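Remarks on the overall topology
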Amino acid sequence: MGLAHWFCGSDTVATSDYEPSKCREGGIMDKSSYRLLQLLSLAWLACRPTYSSITTYGTIIPQSPSVEIGKEFTATCVLYKAAKATAEDIYWKLKNVTVPKEQYTKINDSAVSVTITITNETANWLLCEKKGSSLSLNLNQVIHGILLTKGYPPEKPANLSCMAVQFGRKISSNVTCTWQPGTRDEMLKTTYTLFGSLIGSNKSSKAHRSCGYIDFDTFPSFMELAIWVEVENKLGKVRSDILDIFAADLVKTNPPSDVNIISENNFSRTLLVRWKHPIHVTYVTLKYNIRFCTVGSRDWTEVPPNDTESYKESFRLQYLKPDTEYVVQVRCIHYRGYGYWSDWSANSTARTPEDKPTSKPDLWRVVLPSQVKSERRVQVMCKDPVESNGRIRGYSIKIQDGTWETVAVNDSDLDSRSQERKIIPLYQIPWSDKRRGLIELKAWNSVGESPQASLVIPELTHEPPSVESLSWFTQQGRLWVKWQPPNVTATGEPYRSEVTEYILEWVSVSDGAMDWQRERRHTRTAAIKGNLQKFNRYNISVYPMYSGWTGKPLTIAAFLEQGVPLEGPSVKVRRTGKNDAELEWMEIPLDKQRGFITNYTIFFITGGKEHSIVVSNDTYSYTVKRMASNSKYVVRVMASTVQGSTNSSDLSFNTLMYASGQIEAIVVSVCISFLFSVVLTMLCCIYKMDSIIKKIWPPVPDPSNSTIAKWSPDFTSKADTPKENALGDVSIVEVDVFDRKSLCEEDKAGLPLKKDKYLSEEHSSGIGGSSCLSSPHQSVSDSDEGGDEGQTTASTVQYSSVVASCGYKGQTPCPLPQSGSSQTPSFARSESTQPLLDSEEHPEGPESQRYLRNPYFGRLPAGNNGDSGDLEDLNQMEMKKQGLALRQFCPLEEDFQQTTPTEEGQSPDVQPGPDPSYMPQLSGYRPQC
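Here we summarise the structure given alongside this text. What you are looking at is a predicted structure, and each value in this text was computed from that prediction instead of being measured.

Quick look at the packing of aromatic side chains now. What the rule picks out here adds up to 12 aromatic pairs. Between Phe195 and Trp228 the ring centres are 5.4 Å apart and the planes differ by 10 degrees, which places this aromatic pair in the stacked class. Within this pair, whereas Phe195 is found in strand β16 (residues 191-198), its partner Trp228 is found in strand β19 (residues 224-233), the two being separated by 33 residues in sequence. For the residue pair Phe195 and Trp228, the accessibility class agrees, reading buried in each case. Feature note: the residues Trp472, Phe559 and Phe596 constitute an aromatic cluster, connected by ring pairs. Stacked on the ring of Trp341, the Lys or Arg Arg331 has its end atom at 4.5 Å from the ring centre. Its guanidinium or amino end placed over the ring of Trp404, Lys442 lies 4.9 Å from that ring's centre, counting from NZ or CZ.

Shown next, in the form of structure tokens:
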């Protein structure tokens, strides 16, 4: 890229960045003058000699101009001979954007002008280029370029004002002025100049954008001045309006000095204010202004200006409050109102003297509960009078027709000078519900007593009516109460039917602090004037007053501002079931609720799933149903207000596997089933009693009623006395025994037979032994007459005996057979369940003999026909065959069945095998003792 050639005066500068050096300043001109300048420039450039060795191609007129935004600008590009180009080859560019041909104007073959509109978006560089040769790398070549400085012409200053302040004991010679500059951005360098003109002389000085001062060497008192401001930049110059003013109108003095306030004892409602002039009267004659307020207040009260117009140094403030501290300030100005007010003086304070109270004390009462029936306790209290006019030293109180009593107040905290009126408790009186009384109260200070206040306490059943309705709302950070007046008609009650005023009482629930205020009779909405706390609950009551009679209150709870509860409710599980659980929670303490509870939300979680139930704000227990049995649950309760919610701590519990009463029902069902089975079994037993009895106690044949199955036809029925040596007279009983116990002594004693010893122990017969053995049959219990308690069963016992051919019991036995006769004693056998009786044994040495006893046949010798050896052999043989042991015989009281007699001539010891109808008993029996 080739170098661009720039012309700056007679100097030629070569650069490659298109930034020419600034050498002269451009200006603003109209079109006719611009045309003339253009022709003169062309003529001068044509004949101007060139001293530089650097080749230049042309220039732009004007160079580096300042242009106004929003206006049109025209520039001309002039070509030199070295450019070897004509006007047709010229192009205009705003930086990199080519200006359209429609905005070009051809002056001649070597000069072309362009007209553009200047905006904030217009580029700062304007370039003149020509077409390049085809061999050139660039299509166009830069002839010349200029830098456009954009901006606005200066704006006219407004609101010019000037002031001359006091310096020492005179007015300063410097006059300070201020004005309001233009609102547009100053893109061009702008200068401000302040001018002041006196008769015969002018003063000027450079100023800032909005202020400046002029030094007149000496303040021109009593003279007229002309003051103005000029503003100038490259695009123009402008001047403000001229301020023609007298020098006195520029003066601002210092505030009055040594302000002092005097309190006079005899004047409790006035204060005398004194001060000194800030400047001598030869310079300025002044007038003053005074304002005052009570300490701590921002509501100033100004003394009317007409009262302080004169040139004075004192003033008496009137209509003030007694015993009140005031703040006073004073300022001054030219007596004709010229110039400026001085600043206010420093604060000066003083207190007015005391005066007797001019308003009543604020008397009130609070009814407290009493432990005595039909009695109230009345707490009498009061506040200092609004216009106490001094510190209240005490109160005089009278109750009904009593005497006046004095209550002294010595606490400094109860000073009436305090901005906050304290509550003073006076008396607490027991008051009957049927009693009506009057309380009168006066306040007094060091000067005198206040007017009398009175309050009537009516009977409990004759209290005047309350207001109709009561509501509250908050607005602008204050708590408002709204009510409707009571519906009162003319009655015969001792109080008037019209309401004279209302009393608003509020009690803090958290600490019990209370206060009250009075409102006029026509008031329906009032703001609480006390210092209420946020998030604190208040019980607000409205009492209508009927000329001192207190009406019934109507109370409502309210909050100045509600918040989130400080803690959640305390939750516990009262009862758990199989599919439900009863939850119970305590109400959050009132001082921690911080708002009205709108609802409670119960959350219970099991298996990672959370469920919720919303209940009303007056619900403190709830039974959650449709729960899974034998499952773990986590529960919490959330309390909510209009501002947010707070959760309780989590509580875990398990539901039961069985519902309440289910286990009892199962047990009862099982018991009932068991009892039913028992009853059913018993009924079956009763129904089958006979069969059961037969199975347990088989029928036992009665020996006294038994019959012989078969009688021997060879025996007669005549009863004969049996012979001792006859074998047929002997009854042999064969028993299967395993027990050796004898019968009881009573049974033995009942035997009719006597014991005799005929045989020795070695020759006793085993057949006749009595052992009371059991049979395989099931035993039965003893008879009612008694028996062995250890015996639980009695076996069926078979009885076998060899009886005579004739004779049984009382029957006469048949005579003995003759020698050679074939008749033999028959073998009778009886089967009975009747237990056998043991026979007595009387061993008498080794040679003692055992006799066989038979109740029907008497004593028998041990042998048959006097042969004891044969009988012994017979017994031993029979015992061996039957496997029985030798036993003693017991008396037989049963019937015997006669067996088939043995064949004639057959010896007893050669008896055949046991009778098939009689088998040995293998099981034992229990003795019947």
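Applying the stated rule across the entire model yields 30 salt bridges. Among the ionic pairs, Lys106 bridges to Asp109, the shortest N-O distance being 3.4 Å. Judged by relative accessible area, which is 53%, Asp109 ranks as exposed. One salt bridge connects Lys237 with Glu232, and the closest N-O pair in it is separated by 3.8 Å. Here Lys237 falls in the exposed class, since its relative accessible area comes to 54%. The exposure class of Glu232 is partly exposed, given its relative accessible area of 36%. Where salt bridges share partners, they join Lys572, Arg574, Arg575, Asp580, Glu582 and Glu584 into one cluster.

Now for the sheet that holds strand β31 (residues 375-383). Ordered in space as β30-β31-β34, the 3 strands form an open sheet in which the pairing is antiparallel. The open sheet is flanked by β30 (362-368) and β34 (423-432), the only strands paired with a single partner. Going across the sheet, the axis of each strand differs from the next one's by a mean of 25 degrees, ignoring polarity. Bridge analysis of β30 against β31 gives 7 bridges, and the strand direction is antiparallel.

The next point concerns a nonpolar patch on the surface. Where nonpolar side chains cluster on the molecular surface, the patch consists of Met657, Tyr658, Ile663, Ile666, Val667 and Val670 and spans about 560 Å² of accessible area. Secondary-structure assignment places Met657 in the loop between β52 (651-654) and α3 (662-687).

This brings us to the side chain of Ser172. Looking at the secondary structure, you find Ser172 in the loop between β14 (170-171) and β15 (174-180). Of the residues examined, Ser172 reaches a relative accessible area of 16% and is grouped as buried. One polar contact links the side chain of Ser172 to the main-chain amide nitrogen of Asn174, over a distance of 3.3 Å. Residues contacting Ser172, with those up to four places away along its chain left out, are Ala164, Val165, Phe167 and Phe219.

Glancing now at the state of the cysteines. As enumerated under the stated definition, the model contains 2 disulfides in all. The disulfide partner of Cys77 is Cys128, and the S-S distance across this bridge is 2.0 Å. Negative torsions about the S-S bond denote left-handed disulfides, and the value of about -85 degrees found for Cys77 with Cys128 makes this one left-handed. Linking Cys77 in strand β5 (residues 72-79) with Cys128 in strand β10 (residues 125-131), this pair joins segments that are 51 residues apart in sequence. Judged by relative accessible area, Cys77 falls into the buried class, the value being 0%. Accessibility expressed as a relative area gives 0% for Cys128, which makes it buried. The closest cysteine sulfur to the non-disulfide-bonded Cys685 is located on Cys684, 6.9 Å from its own sulfur.

The rules behind the values
- Residues numbered from 1 in each chain as written.
- Predicted model: local features only at pLDDT ≥ 70, side-chain atom pairs only at ≥ 80, totals over all residues.
- Heavy atoms only, no water.
- Phe/Tyr/Trp six-rings, centres within 6.5 Å; stacked < 30°, edge-to-face > 60°.
- Helix = DSSP H or I, 4+ residues; strand = E, 2+ residues; numbered from the N terminus.
- Buried < 20%, exposed > 50% of the residue type's maximum accessible area, 1.4 Å probe, protein only.
- Lys NZ or Arg CZ within 6 Å of the ring centre and 35° of its normal.
- Salt bridge = Lys/Arg side-chain N within 4 Å of Asp/Glu carboxyl O.
- Pairing = 2+ DSSP bridges.
- Axes fitted to C-alpha atoms, helices over the stretch in contact; angles between N-to-C directions.
- Patch = residues over 30% accessible without salt bridge, like charges linked within 9 Å, V, L, I, M, F, W, Y side chains within 5 Å.
- Areas by Shrake-Rupley, 256 points an atom, 1.4 Å probe, with all protein chains shown as cover.
- Polar contact = N/O pair within 3.5 Å; in protein donor to acceptor, adjacent residues only side chain to side chain.
- Contact = heavy atoms within 4.5 Å.
- Disulfide = S-S within 2.5 Å.

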